[in-house]
Amino acid sequence: MPRTRGFTLLEMLVVLVMAGLALMLAVQAVGQYQRAQASVLQVERAGREYRLGEAWLRSAVGGLQALEGTGFEGDAEGFRGLTLAPLMAPQGVGVEQAWRRVFATDGGWALAVTEEGRDYVIVLREAGGLRFSYLDADGAWQPQWPPALGEHAMLPEAVMLQIDALDPAAGPRVLVA
């Protein structure tokens, strides 16, 4: 009897096994891509939050005003004062603002800003510690404002936020506003 054209059962099984292996490899590659994308998005989001917090801090410190009866006070934990550059209130209107360091829910540190009775929290990922310092007119950094001794202005020349890394080898980041 002459042989008819077509595939044998064995040939079909080999093709199905090869197609199954190719599909399995494709699914693994898609899973790896999704995990890598999630990791990149997390890092990008953390960088965006850090830049937003940095911009807010620079703006608030740049807008600080020294008016009678509304003194500026600060220590290593945070500071409070009157700013013309609030986060959410209209710009140019003096608003009492308090910046302080707080523990974040993930075990790291965050900056908390209180303005007009509302709190805003800026999580600083990879922060092992936060510390504020204040520059006096002589160019010396003070751990508190007003300094304990001597004549001083109502406002410091600059405010420094030192962000210690969780990894000591990375070294601290310093933000001066």
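Residues numbered from 1 in each chain as written. Predicted model: local features only at pLDDT ≥ 70, side-chain atom pairs only at ≥ 80, totals over all residues. Heavy atoms only, no water.

S.K.: Looking at this model, I keep getting lost on the packing of aromatic side chains. Mind explaining?
M.R.: One pass over the structure, following the stated rule, counts 5 aromatic pairs. Through a chain of ring-to-ring contacts, the aromatic side chains of F72, F79, W99, F132 and Y134 assemble into a single cluster. (Phe/Tyr/Trp six-rings, centres within 6.5 Å; stacked < 30°, edge-to-face > 60°.)

S.K.: Can you walk me through the side chain of Q162 in this structure?
M.R.: Its location among the elements puts Q162 in strand 9 (residues 158–165). Of the residues examined, Q162 reaches a relative accessible area of 17% and is grouped as buried. Q162 has contacts with G129, L130, R131, P172, R173 and V174, leaving out every residue within four places of it along the chain. (Helix = DSSP H or I, 4+ residues; strand = E, 2+ residues; numbered from the N terminus. Buried < 20%, exposed > 50% of the residue type's maximum accessible area, 1.4 Å probe, protein only. Contact = heavy atoms within 4.5 Å.)

S.K.: Is there a simple way to explain the sheet that holds strand 9 in this structure?
M.R.: Within a sheet, neighbouring strands are paired by backbone hydrogen bonds and run either parallel or antiparallel to one another. Reading across from one edge, 8-7-9-10 is the order of the 4 strands in this open sheet, with antiparallel pairing throughout. Strands at the two margins of the open sheet, each flanked by one partner only, are strand 8 (141–142) and strand 10 (173–176). Across 8 bridges, the pairing between strand 7 (residues 127–135) and strand 9 is antiparallel. Across the sheet, the residue bridging to L130 is I163, located in strand 9. Each of strand 9 and strand 10 touches helix 1 (residues 9–62); the most contacted strand, strand 10, lies at about 35° to it. (Pairing = 2+ DSSP bridges. Axes fitted to C-alpha atoms, helices over the stretch in contact; angles between N-to-C directions.)

S.K.: What is the right way to read the environment of W99 from this model?
M.R.: Take W99: it is sitting in strand 4 (residues 95–103). In this structure W99 comes out as buried when scored by relative accessible area, which is 1%. Separated by 16 residues in sequence, W99 and E115 have C-alpha atoms that sit 9.1 Å apart. A polar atom in the side chain of W99 sits 2.9 Å from the side chain of Q97. (Polar contact = N/O pair within 3.5 Å; in protein donor to acceptor, adjacent residues only side chain to side chain.)

S.K.: How should I be thinking about helix 1 in this particular structure?
M.R.: Along an α-helix, residues three or four apart share an orientation, since each turn contains 3.6 residues. Over its 54 residues, helix 1 runs 79 Å from end to end, which matches the ideal 80 Å to within 8%, given 1.5 Å per residue. Taken together, the buried positions of helix 1 are occupied by G31, A46, Y50, G53, L57, A60 and V61. Buried residues along helix 1 sit in contact with strand 1 (64–65), strand 3 (78–83), strand 4, strand 6 (118–124), strand 9 and strand 10. (Expected span 1.5 Å × (residues − 1).)

S.K.: Just to check I follow, could you spell out a nonpolar patch on the surface for this structure?
M.R.: On the surface, a cluster of nonpolar side chains totalling about 380 Å² of accessible area is made up of V17, L21, M24 and L25. Structurally, M24 can be placed in helix 1. Residue classification places M24 among the partly exposed residues on the basis of a relative accessible area of 43%. (Patch = residues over 30% accessible without salt bridge, like charges linked within 9 Å, V, L, I, M, F, W, Y side chains within 5 Å. Areas by Shrake-Rupley, 256 points an atom, 1.4 Å probe, with all protein chains shown as cover. Salt bridge = Lys/Arg side-chain N within 4 Å of Asp/Glu carboxyl O.)

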